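# Fold and geometry: a report
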Amino acid sequence: METNILIVGVGGQGVITVGRLISMAAIMASHNVVMSELHGLAQRGGSVSVNVRVGNVMSPLPEASAIDCVIALEPMEGLRYSHKTGKEAVFLVNLHPMTPISLSMQGKEYPPMPAILEEIGRDHAVIPIDASAIAHSVGNIRVSNSVLAGALAAASILNVSKDDFHVAIGKMFGSKLKDQNIIAFDSGYDYASNYMEKRHILLD
Amino acid sequence: MSYYDEILEAKDGQVLFLLGNEAIARGAIESGISTAATYPGTPSSEVGDLLYAVYRKAGIHFEYSVNEKVALEVAFASASLGLRSMVFMKHVGMNVAADAMLSIAYTGTRGGLVIMTADDPSMHSSQNEQDNRHYADLGHLPMIEPTTPQEAKDFLQRAFDISERYRVPVIFRTTTMISHERGLVEVSHVGKPREIVPFESGKAEFNSLPQYAMRNKKLLEEKISKIKDVESDRFVSIERGKEDEWGAIASGVGYAYLHDVISKHGMDISMMKIGMTNPLPERSIIKFISEHPRIIIVEELDSYLEEKIRALCQLKGIDVEIYGKMNSYFPYDYEFNMDVVRSGVMKAMQKDDTHMLSIREESPLLAARTPVLCPGCPHRASFFTVKKALKLAGMSDAKISSDIGCYSLGVYEPFDMGDYMISMGSSIGVASGLQNALSERSVSFIGDSTFFHAGIPGLINAKLNNAQTTLIILDNRITAMTGQQPNPGSRDPQDLNAAGNISIENIARGIGIDFVKTVDPYNIGEMLHAVTESFKVDGPAVIISSRECAILRDAKEKKAGRHVVYAVNVEKCTGCEKCVEDFACPAISMSGGKATIDPDQCDECGVCAERYVCPFQAIEVV
Ligand code: SF4
Ligand code: SF4
């Protein structure tokens, strides 16, 4: 069995941190993990993607049709992979838009959020989550990554428990950031569970 | 303890989740290296990032050398004295180091000397996807290629053993996906450094004069043939399948793709992994091929293995059907992945590939996100200003010769500055050459690190030939694109005035350039004036646009607790779109007909508040 998670976003958002956190949690649950990072040319502001593969696998990249979940730290980046992944892929989308300069340079505005979600939703189950807002309410914008990890845990795509995630957070963040990240993780978990319950989203 | 310290301190038997490059750095420490040198280059940079962070604690000499050739010479000197030494670089860096490498191949070494190259199929961050396996043939050097992060560490140690045992440098080749792949790695204990072997003078052991090179060439051939006999087969591993007819041979990351494709799709064929790709394990290959009359070969980039294996079969008169690149089962270009490998394997085996995702049409809402300079990047201000100066001088058509670094992104809109971009340091050479054909003045851009690396000879040449060019040296006090490494102009990026920094201005003056001006790109007026002046000069003019990289500055400001908020005053903003159109800072976008600044992205550089960027000065500190 293999589970493949693709994490996408904009350079500087912490795509790699999310990947490492999920990987660590899966390792805590005694799974084998392979993760690969692609940064592109830009230090900040370009498209970044990370693949996390859990299970008895060796290859750093999955088959495009075998991606189980896409975590988009930025909606447009989620949309970028919507047509390039199998329809089984569930999309967790952080509602934090970052306008690419290809739009702003022409004076164009970011497309309306509902339209983007609808486009992704055409082919995929979508769980939208305002991780940045939740992180703000926790008091630190940088913990939005743990919010998304919480949402992933709630969607039970990975065979990794909440406790495993908590341990992984403890390992990855220093004592001061650890508590904030755990609160963020739990908030993301609760938010996504409620959302799925309300919409009757059942993921196997 | 910092992340890198944890990797250094890890105890024998501990399992860590390491990047391929981190596994290599740990492997170097376990091998007991004394010296490591590099010039940073993606995808090899993290090897140096780790060693730079821990080298004092680890008790080794580590340096960011001025370029790859010097790095190799430094490592070689230490290896000649019996100390284990390593040099690592990106694939194109090996072109720079090759001059030294191909002679060191002949002289050999006493201590273990490993030369690591990280190739970049698909050119994620490179100007080409050259296959550096050919350097092993060119130099008659042994070459080892790992398939997983664990192997990256373990094979590196074996590379040192072989180098030491046969007194020959060993090439250690990774590709982007091996260097940038994380996996579980069990570490072993940290190695002891070697003792210096007393040097016997008078034998010209390390001298490449023809008479000695003649002797050494023979020795090199003997070494390689011994390695083929004794070592090469030890790097072979075979996973047996039930199918007798088909077998597959692969190396590096190609094997990982093959492995997962075969095990996932129930094609029960035998797979052979080759870890030493020069000299090839001929015995093992012949045996494997004799057992399987149909052989699939999986390798990225060139048909390196395939050509050699086909030649071997011809030589030994083995009758076998080979399916590879030469008969179009696999492509010659770009990185592989499981889909590419599965498709090739299935085509060879005449099976229907039903697993290929049919890519649907992309959404019309999708907008490109081309790589951009960071918010607050000093280069953005420099490009903006030079573009303005060219326009004012009626030189908008001037040819622009750029170079390798973050500023190569200046080629994109709205700056469009990069008619040429070839190789490290090429900006000035190209600019020198342009004047022979064109009568107008050109503009060239080079970064500080690239200037030290290979730009100085170009500038000397420009002076000698009185090249009509304005060279803008974008001095951001760091090697930014590869992840913020120091360089000769900035030995310690945390302390920009550290003693011993080498002055670019002094170099330019020393060469005899009369017009040398250092400006602050955040001060657009000042820079505009200098650039305009430089256009009137006869011969080369140098402008040093000096301002530290935004990422570096950002971290320092945060640490110091300094924080200013820039925002658009909607009363003053007329919605003219000049800021987004001409300056294109990613933190600024249009919303509701007015410009707006995303506080999460804004780097607080304040350049957009200048009247040159916003004619209405609508951007203010709040
Ligand atoms: S890393 Fe530094 S030099 Fe590179 S784009 Fe960002 S700010 Fe500019
Ligand atoms: S101050 Fe202006 S130019 Fe500088 S980063 Fe912020 S928005 Fe961009």
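Residues numbered from 1 in each chain as written. Chains lettered and ligands numbered in written order. Predicted model: local features only at pLDDT ≥ 70, side-chain atom pairs only at ≥ 80, totals over all residues. Heavy atoms only, no water.

### As for the overall build of chain A
For the record, the criterion: In this description a helix means any DSSP run of H or I spanning at least four residues, a strand means any run of E spanning at least two, and both kinds are numbered starting from the N terminus. For this measure, only C-alpha atoms enter the radius of gyration; the expected value for a globule follows 2.2 Å times N^0.38, where N is the number of residues. Burial classes: relative accessible area under 20% of the type maximum marks a residue as buried, over 50% as exposed, and values in between as partly exposed (1.4 Å probe, protein chains only). Residue contacts are counted whenever heavy atoms from the two residues lie within 4.5 Å of one another. Here the open area of atoms and residues is found with the Shrake-Rupley method and a 1.4 Å probe, where only the protein chains shown may cover a residue. Think of it this way: Lys and Arg go in the positive column, Asp and Glu in the negative one, and His and the chain ends go nowhere. Charge coordinates come from a single atom per side chain, which is NZ of Lys, CZ of Arg, CG of Asp or CD of Glu.
The helix and strand tally for chain A stands at 8 helices and 6 strands. Sequence-ordered secondary structure for chain A, helices as α and strands as β, is β-α-β-β-β-α-β-α-α-β-α-α-α-α. Taken over the C-alpha trace, chain A has a radius of gyration of 16 Å; the compact-globule value for 204 residues is 17 Å, and the two agree within 12%. Each of the three principal axes of chain A carries a C-alpha extent, and together these read 50 × 40 × 40 Å. Across the 204 residues of chain A, 63% fall into the buried class. Contacts in chain A between residues at least 24 apart in sequence constitute 65% of all its contacts with a sequence separation of at least 6. Carbon and sulfur atoms make up 50% of the accessible area of chain A, which amounts to about 7600 Å² in all. Seen as two clouds, the 15 positive and the 19 negative side-chain charges of chain A have centres 6 Å apart.

### Quick look at the domain arrangement of chain B
Residue and element names in this part refer to chain B. Filter applied, for reference: Delimitation of the domains relies on an automatic or database domain assignment. When two parts are brought into contact, each loses some accessible area as probed by a 1.4 Å sphere; the total of that loss over both is the buried area. The working definition used for a salt bridge is a side-chain nitrogen of Lys or Arg within 4 Å of a carboxyl oxygen of Asp or Glu. Polar contact criterion, stated in full: a pair of N or O atoms within 3.5 Å, where within protein one must be able to donate a hydrogen and the other to accept it, and residues adjacent in sequence count only if both atoms are side-chain atoms.
For chain B, the assigned domains are domain 1 (3-230), domain 2 (235-348), domain 3 (378-556) and domain 4 (563-621). A separation of 33 Å is found between the C-alpha centroids of domain 1 and domain 3. The partner domain 3 presents 16 residues to the 13 residues of domain 1 that form the contact. For the pair domain 1 and domain 3, the two sides together bury roughly 1000 Å², of which 57% comes from carbon and sulfur. Among the residues domain 1 hides against domain 3, the three largest losses belong to Y39, V66 and Q127. Together they make up 43% of the total. Viewed at the interface, domain 3 and domain 1 are joined by 0 salt bridges. The interface formed by domain 1 and domain 3 contains 4 residue pairs in polar contact (both at pLDDT 80 or more). When residues in the side of domain 1 that touches domain 3 are grouped by element, the largest group, 3 residues, is from helix α3 (residues 45-58).

### Digging into the sheet that holds strand β7 (residues 170-175) of chain B
Residue and element names in this part refer to chain B. For clarity, the cut-off: Two strands qualify as a pair provided that DSSP identifies no fewer than 2 bridges between them.
Pairing is mixed across the open sheet formed by 7 strands, whose spatial order is β3-β2-β4-β5-β7-β6-β12. Every other strand in the sheet has two partners, leaving β3 (61-64) and β12 (276-278) as the edge strands with one partner each. Examined bridge by bridge, strand β6 (residues 143-144) and β7 share 2 bridges and lie parallel to one another. The residue of β7 that forms the bridge with I144 is F172.

### A closer look at the site of ligand 2
What counts here: Any residue with a non-hydrogen atom lying within 4 Å of a molecule or strand is treated as near it. The residue classification treats Ala, Val, Leu, Ile, Met, Phe, Trp, Tyr, Cys and Pro as nonpolar and Asp, Glu, Lys and Arg as charged. All others, Gly included, are polar.
Close to ligand 2 lie 14 residues; C585, C602, C605, G606 and C608 of chain B are nearest. Across the shell around ligand 2, the residue classes break down as 10 nonpolar, 2 polar and 2 charged.

### Quick look at the site of ligand 1
As a structural note, the neighbourhood of ligand 1 is formed by Q43 of chain A together with L373, C374, C377, H379, C406, N476, A480, Q484, C549, A550 and I551 of chain B. The site occupied by ligand 1 is bordered by residues of chains A and B. Class assignment for the residues of the shell around ligand 1 results in 8 nonpolar, 4 polar and no charged.

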